[in-house]
Amino acid sequence: MASTIAGLLAIYFVLWWIVLFVTLPFGVRSHAETEGEGPSPGTDPGAPVATLLARKALWTTLISAVIFAVALYAYRSGWLGIDRLAKLMNLPL
């Protein structure tokens, strides 16, 4: 794990996008699943009614920050290092 600010930001950026793609499907309801009036003409029935992207971005940021903090603590404590991971997977160094 890179210890520079740029390296840590790059790792957080990648982690943030991974968590975003995990959280995207939660809470999305399609026109077919909602009761009431159907979709407007020309709209696919499977299209989401409301994506709630602002809420998902907030949750993504919080979840990513927690995962990143735990991983950074584990790395700095020596629990998550190349030597230890290689030993757990029975790989030669």
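Preceding this section is the structure that the text describes.
We now turn to the structure provided with this report. Please read these numbers as outputs of a predicted model, since none were measured by experiment.

Criteria and thresholds
- Residues numbered from 1 in each chain as written.
- Predicted model: local features only at pLDDT ≥ 70, side-chain atom pairs only at ≥ 80, totals over all residues.
- Heavy atoms only, no water.
- Core = buried A, V, L, I, M, F, W, Y, C linked by side-chain atoms within 4.5 Å.
- Buried < 20%, exposed > 50% of the residue type's maximum accessible area, 1.4 Å probe, protein only.
- Helix = DSSP H or I, 4+ residues; strand = E, 2+ residues; numbered from the N terminus.
- Contact = heavy atoms within 4.5 Å.
- Expected span 1.5 Å × (residues − 1).
- Patch = residues over 30% accessible without salt bridge, like charges linked within 9 Å, V, L, I, M, F, W, Y side chains within 5 Å.
- Areas by Shrake-Rupley, 256 points an atom, 1.4 Å probe, with all protein chains shown as cover.
- Salt bridge = Lys/Arg side-chain N within 4 Å of Asp/Glu carboxyl O.

### Some words on the nonpolar core
Okay, so step 1: Counting residues in each nonpolar core, the largest one holds 5 residues, listed as L8, L15, V19, F68 and L72.
Okay, so step 2: Listed by contribution, the elements that provide at least two residues to this core are α1 (5–23) and α2 (53–77).
Okay, so step 3: The dominant element in this core, judged by the number of residues it contributes, is α1, at 3 residues.
Okay, so step 4: In this view, F68 contacts L8, I11, Y12 and L15; residues no more than four positions away in its chain are not counted.

### Re α2
Okay, so step 1: Helix length check: α2 (25 residues) gives 35 Å between terminal C-alpha atoms against 36 Å at 1.5 Å per residue, within 8%.
Okay, so step 2: Of the residues making up α2, those classed as buried are K56, T60, S64, F68, L72 and A74.
Okay, so step 3: In the core, the buried residues of α2 are packed alongside α1.

### A few points about α1
In an α-helix, one full turn covers 3.6 residues, which means residues spaced three or four apart are oriented alike.
Okay, so step 1: The first and last C-alpha atoms of α1 sit 26 Å apart over 19 residues, in line with the 27 Å expected at 1.5 Å per residue.
Okay, so step 2: What α1 keeps buried is the set G7, L8, L15, W16, V19, L20 and T23.
Okay, so step 3: Elements that come into contact with the buried residues of α1 comprise α2.

### Digging into a nonpolar patch on the surface
Okay, so step 1: Side chains of F13, V14, W17, I18, F21, V22 and F26 sit close together on the surface and give an oily, nonpolar patch of about 770 Å² of accessible area.
Okay, so step 2: Along the chain, V22 falls in helix α1.

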